[in-house]
Amino acid sequence: MAELHIEGLERRFGSGKPALDGISFDVAEREFVFLLGPSGAGKTTTLRLTAGLDHPDAGRILLGGRDMAGIAPRERNVAMVYDKHSLYPHLNVFENMAYPLRLRGLTDADMKARIDRTSEILGIGQLLDRRPGQLSGGQQQRVAIGRALVRDASIYLMDEPISHLDAKLRAHMRVEFKKLQREFAATILYVSHDQLEAMTMGDRIIVLDQGRVQQIGTPRDIYDRPANRFVAEFVGEPAMNTLTCDLMQDGTGWKAVSQDFAVHLDVAWVQRHGLQNRKPGKVVLGLRPQHLTLVPSEDTGQPNVEDGRVYAVETLGSETVYDIEIGGTVLRLWSRRQADGRPLPAIGAPLHFRVNPQALHLFDAETGLALAHPDPGLVPAE
Ligand SMILES: Nc1ncnc2c1ncn2[C@@H]1O[C@H](COP(=O)(O)OP(=O)(O)OP(=O)(O)O)[C@@H](O)[C@H]1O
Ligand SMILES: [Mg+2]
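Note that the structure is a prediction, hence the values are computed from the model and not measured. (Residues numbered from 1 in each chain as written. Chains lettered and ligands numbered in written order. Predicted model: local features only at pLDDT ≥ 70, side-chain atom pairs only at ≥ 80, totals over all residues. Heavy atoms only, no water.)

A. Fine view of the site of ligand 1. What surrounds ligand 1 is the set F13, A19, P38, S39, G40, A41, G42, K43, T44, T45 and E160. Residue G42 places a main-chain N or O atom 3.0 Å away from an oxygen atom belonging to ligand 1. K43 has a polar side-chain atom sitting 2.7 Å from an oxygen atom of ligand 1. Within the complex, the protein chains bury 53% of what would otherwise be the 640 Å² of accessible surface of ligand 1. Class assignment for the residues of the shell around ligand 1 results in 4 nonpolar, 5 polar and 2 charged. (Near = heavy atom within 4 Å. Polar contact = N/O pair within 3.5 Å; in protein donor to acceptor, adjacent residues only side chain to side chain. Areas by Shrake-Rupley, 256 points an atom, 1.4 Å probe, with all protein chains shown as cover. Nonpolar A, V, L, I, M, F, W, Y, C, P; charged D, E, K, R; others polar.)

Shown next as structure tokens:
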């Protein structure tokens, strides 16, 4: 039985578009599930309804098999991480964390063990005697997380708990959070708009947009087989390139032709996905920046080698992201930095790249739904 079962949940504020337009999903016991989506997707609304802080217009929420309709927040056994401002200012860190445990009648020894372990992992072990006012913002936020995690709740609801921490601390917390979740065998529903958090920490991800579930799957599913164009463009860094194309026959082969260039497709791939039987119409070709490769100018004229010009270059330490202009189209290409110390090309300089035809995604231009993905195992490592 799922720890949390959400079915046809709707919530409407005022007369506009509903904040939640009939979402359904499950979170299994001990699972770490992400609700990932852009601003306004309905993530916080989903958490608030689950915690009982707000009420749905339609749909059901079951916790541990029990319908939560009419059940008050404090009777739901959920722990929600609020932001740092919810700490008690007059209590020190230990007492802030101990407060919810005392309410539940834990022994002093059990309480201390749990608080020590949690605070050690969160890196606040030395701060237990201090009051919130004597801590930095990031430290206060970690105490707020700790206070929720020490509790023995049936599900932990977290709304972007680490988004305000600095980059280094966030990277540390991503690893530690996952450890803590395993160690405490906690069931967590974690809201984020940061795909890196979701990809690295989540057992499964629910992608939400405009109050609707777009896809539910493991991080790999979501990245390798995005269900639609929205998911494809939202997940992956840098974002997937998408190009509106016509699919057409080219002698014995097939190609996807956009206004600025043509990609020759693998015939077996076209047939495996039944694309040869599609009635003519626009499709959207999806190309991850990692699957475009810079090639020397001698390769010009070879199949799937395109010529463009540098529109912008972004260096990110060990990698480089090129924006390449081909006619009216700009494509992103991701490349590891060359070790030979060659200077980066200047803006406007000619550049040549190869499109890997084994790493293409295809979407219906009308509905946005996926038509084809790369065959597993054929896509080279990035
Ligand atoms: N109390 C409210 N009154 C009116 N509209 C609301 C209320 N709460 C949320 N909304 C609207 O519902 C939609 C979803 O909001 P929600 O806070 O769930 O988004 P979110 O996914 O958490 O976004 P963010 O990443 O910005 O936190 C938004 O359009 C928001 O404006
Ligand atoms: Mg929110």
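B. Region of the structure containing helix α2 (residues 93–103). For α2, the set of buried residues is V93, F94, N96, M97, A98, P100 and L101. Those residues of α2 that are buried are in contact with α3 (108–121) and α4 (137–149). For α2, the N-terminal cap is N92; the gap from its side-chain oxygen to the backbone nitrogen of F94 is 3.2 Å. (Buried < 20%, exposed > 50% of the residue type's maximum accessible area, 1.4 Å probe, protein only. Helix = DSSP H or I, 4+ residues; strand = E, 2+ residues; numbered from the N terminus. Contact = heavy atoms within 4.5 Å.)

C. Expanded view of the nonpolar core. I115, I145, Y156, M158, F177 and Y190 are the most contacted members of the largest nonpolar core, which has 46 residues in total. Excluding residues that lie within four positions of it along the chain, I115 makes contacts with F94, M97, A98, L101, L128 and V150. Counting residues in hydrophobic clusters, the runner-up holds 28 residues, among them A256, W269, L287 and L292. (Core = buried A, V, L, I, M, F, W, Y, C linked by side-chain atoms within 4.5 Å.)

D. Expanded view of the domain arrangement of the protein. Annotation of the protein at the domain level lists domain 1 (4–233) and domain 2 (234–372). Interface area for domain 1 against domain 2, summed over the two sides, is near 1500 Å², with a carbon-plus-sulfur share of 58%. On the surface where domain 1 and domain 2 come into contact, there are 0 salt bridges. Our count for the contact surface shared by domain 1 and domain 2 stands at 9 residue pairs in polar contact (both at pLDDT 80 or more). Top element by residues in the side of domain 1 that touches domain 2 is helix α8 (residues 229–234). It accounts for 5 residues. Per-class residue counts for the side of domain 1 that touches domain 2 are 10 nonpolar, 4 polar and 3 charged. (Domains from an automatic or database assignment. Buried area = accessible area lost by both parts, 1.4 Å probe. Salt bridge = Lys/Arg side-chain N within 4 Å of Asp/Glu carboxyl O.)

E. Quick peek at the packing of α2 against α4. Between α2 and α4, the shortest axis-to-axis distance is 8 Å and the interhelical angle comes to 30 degrees. In terms of their interaxial angle, α2 and α4 are classed as roughly parallel. Along this stretch, α2 crosses α4, giving a crossing that reads as right-handed. Along its contact with α2, which presents V93, N96, M97 and P100, the element α4 presents V143, G146 and R147. (Axes fitted to C-alpha atoms, helices over the stretch in contact; angles between N-to-C directions. Parallel < 35°, antiparallel > 145°, perpendicular 65-115°, else oblique. Left-handed = near helix turned anticlockwise from the far one by under 90°.)

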